[in-house]
Amino acid sequence: MTKTKAQQIMAATEVRAADDVTAAIQDIAAEFEPYIIKQRRHFHKHPELSLAEERTTSDIANQLDAMNIPYERPLKTGLVATLRGTAPDAYREDGTPRRRILLRADIDALPVTEQTGEDFASVNEGCMHACGHDCHIAMMLGTLQILRHMTDDIHGEVRIVFQPSEENGQGAKLMIGTGVLDGVDGAYAAHIWSEVDAGTVSCEPGPRMANTDWFRIDVRGTSCHGAMPQRGHDAVMVAAEIVNALQTIVSREISPYEPAVITVGELHGGTARNVIAGTAYLAGTVRTYGDSTHEEMPELMRRIVEHTAAALGAEAELTDYTIANYKVENDAASSERCRQAVVKCLGAAGEGHYRGTLSGEDFSEYLRRVPGVLAFVGTRNPKIGATYAQHSCFYKIDETVLAKGSMVAAQYAIDFLAEPTQEELDGPAITAVAEPTPTWPPSCALPRQRPPRLATPSMTPARHAMPRSRASTMHVPPLAARRSAASSDSRPSRSHSHIAISKRGRTFDTSAPAH
């Protein structure tokens, strides 16, 4: 029976050079590209909301079973798989991997009614993979197909996290709480992205996605008849003024060079068309990059909210301000490693450039604990209508980019695990110290030198007097008197002679032997 290219690569026993590793990755990705696209369409057709991804989890498990890749289910939804390298140095004598990398793919969908008209459109009414998480699942399965055929090139261990509940910002923390980062040296994730050109991957260092916060504002006015507004305080009108006033924070309170967004996504108030509303509430999100802006935002909003309402005779309160996710910030070394992986797999033309976005991502929780990178896999292609923004009911992707995303992830993982560990760079640990200085026999010992003796007993008060205040306590005799005192000294001259002077102006010889 003729072996496929992937099977031939798996069966090869010779050590592959770096270029041959990349060529193998490309060959396997090409072979499994139809599989990757098929998986994407399957998961797109059956989306599930955050923390309800039960069928999705089961379907992923079935694929892992077919690949003979072991996995665990630490939560109700989502799972964690392990791929062990078989390179000679992949594991230490104690059974621990010399390095371990975490690859993450999120799996939840959005409460959006799809209107793409695709043959594989969502069959779950009001639920759609409008942010590309179906692509993330498919690309990760493709990456595993590549890596499982190349375990001899894996110098460590790959931990794969299919994470639930990214859209509501809970999944990363839940998974981390189960210990998925224990023993992990670095992390990688990819996000399909509508603002990056298809065929390119952007992985620049620094902030890539924003701090994401949620807020709620409650407004209390006085209800009355809709024809008698003077008798009450309109909570809906006050809420509308607050919506406008909040925008002055971005336009007048924050530097134009500091990215920030305040969006009110909900405004609820009123009970009938002819009743002035007595209460209303607003809900929305805040996005920032700068740490100081992030910290200041709640207080800036509180001042605007309370004073705007007070000016209109009502009350308002910032009743909730929750940090959902911190910003995604790519480690510089990880970004460079990813850039090199992109160039290896896709060529120089595959290197994308993107300024970043104020969208949020809970992959930040991993990067706050270990170094890593989030790569944007571009999908923008006007020729096929793949131009709609993330979360749009018309969201569409260029499926030819999926195998490219799988290749880059596989190359990154192999390169990361092949790098020397800090222990290997430092060399073997020192297990012995130098012996203590030996005790010399008396015949070899140097004579002990005594400290110089004071010239006279009266020297002690003078030495103690000098440090207190030379300017105020010392009396210096005239030069002639000092010369006379020196010439009248009948002792033999010594080098390094010193003169100490008491409060009364008397001089004493404090000479020490020359060294």
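Because the structure is predicted, anything quoted here is derived from the model rather than measured.

J.: Teacher, can you tell me more about the overall build of the chain here?
T.: Counting secondary structure elements, the chain contains 14 helices and 17 strands. Within the chain, the proportion of its 515 residues that are buried is 47%. Restricting the contact set of the chain to residue pairs at least 6 apart, pairs at least 24 apart contribute 78%. On the chain, roughly 26,600 Å² of surface is accessible, and the fraction owed to carbon and sulfur atoms is 52%.

J.: Mind showing me how you'd approach the side chain of Arg99 here?
T.: Structurally, Arg99 is set in the loop between strand E2 (79-84) and strand E3 (100-106). A polar side-chain atom of Arg99 sits 2.7 Å from the main-chain carbonyl oxygen of Phe416. Other than its neighbours up to four places away in sequence, Arg99 contacts His155, Gly156, Glu157, Asp185, Phe416, Leu417, Glu419, Pro420 and Thr421.

J.: I would appreciate a short explanation of the nonpolar core in the present structure.
T.: The biggest cluster of nonpolar side chains holds 70 residues, and the ones touching the most others in it are Ile25, Leu64, Leu147, Met150, Val158, Phe162 and Tyr188. With 11 residues, the top contributor of residues to this core is helix H10 (residues 402-418). Apart from residues lying up to four places away in sequence, Phe162 is in contact with Ile60, Leu64, Gly78, Leu79, Ala105, Ile107, Ile137, Met140, Leu141, Leu144 and Met175. Judged by nonpolar contacts, the second largest core, of 25 residues, contains Ile254, Leu282, Met297 and Ala314.

J.: Got a minute to help me understand the packing of aromatic side chains in this structure?
T.: A full pass over the atoms with the stated rule returns 7 aromatic pairs. Both rings, one in Phe363 and one in Tyr366, keep their centres 5.4 Å apart while their planes meet at 35°; by these two values the pair is tilted. Using a relative accessible area of 0% as the deciding quantity, one classes Phe363 as buried. Consider the rings of Tyr388 and Phe394, whose centres lie 5.4 Å apart with planes at 35°: the pair is tilted. Classification of Tyr388 as partly exposed rests on a relative accessible area of 39%. In this structure Phe394 comes out as partly exposed when scored by relative accessible area, which is 34%. An aromatic cluster is built from Tyr188, Tyr412 and Phe416, whose rings are joined through pairwise contacts. Between the NZ or CZ atom of Arg84 and the centre of the ring of Tyr91, over which it lies, the distance is 4.0 Å.

Reading the values: the criteria
- In every chain, residue numbers begin from 1 and rise along the written sequence.
- With pLDDT at 70 or above as the cut-off, local features in this predicted model cover only qualifying residues; side-chain atom pairs require 80 or more to be listed or tallied, and sums for whole chains, interfaces and linings still use all residues.
- Calculated side-chain values reflect all of the structure's heavy atoms, with hydrogen atoms and water omitted.
- Counting from the N terminus, the helices are the DSSP runs of H or I reaching at least four residues and the strands are the DSSP runs of E reaching at least two.
- When a residue's accessible area, from a 1.4 Å probe over protein chains only, is under 20% of the maximum for its type it is buried; when over 50% it is exposed; and in between it is partly exposed.
- Any two residues whose heavy atoms approach within 4.5 Å are treated as being in contact.
- Here the accessible surface of atoms and residues is derived via Shrake-Rupley with a 1.4 Å probe, and residues count as covered only by protein chains that are part of the display.
- Each polar contact in these results corresponds to two N or O atoms within 3.5 Å; when the atoms are within protein, one needs to be able to donate a hydrogen and the other to accept it, and residues that are neighboring in sequence are counted only if both atoms are side-chain atoms.
- Residues grouped as a nonpolar core are buried Ala, Val, Leu, Ile, Met, Phe, Trp, Tyr and Cys residues, joined through side-chain atoms within 4.5 Å.
- Pairing of aromatic side chains requires ring centres within 6.5 Å, counting the rings of Phe and Tyr and the six-membered ring of Trp. Pairs whose planes differ by under 30 degrees are stacked, by over 60 edge-to-face, and all others tilted.
- A ring is scored as having a charge over it whenever the NZ atom of a lysine or the CZ atom of an arginine sits within 6 Å of its centre and within 35 degrees of its normal.

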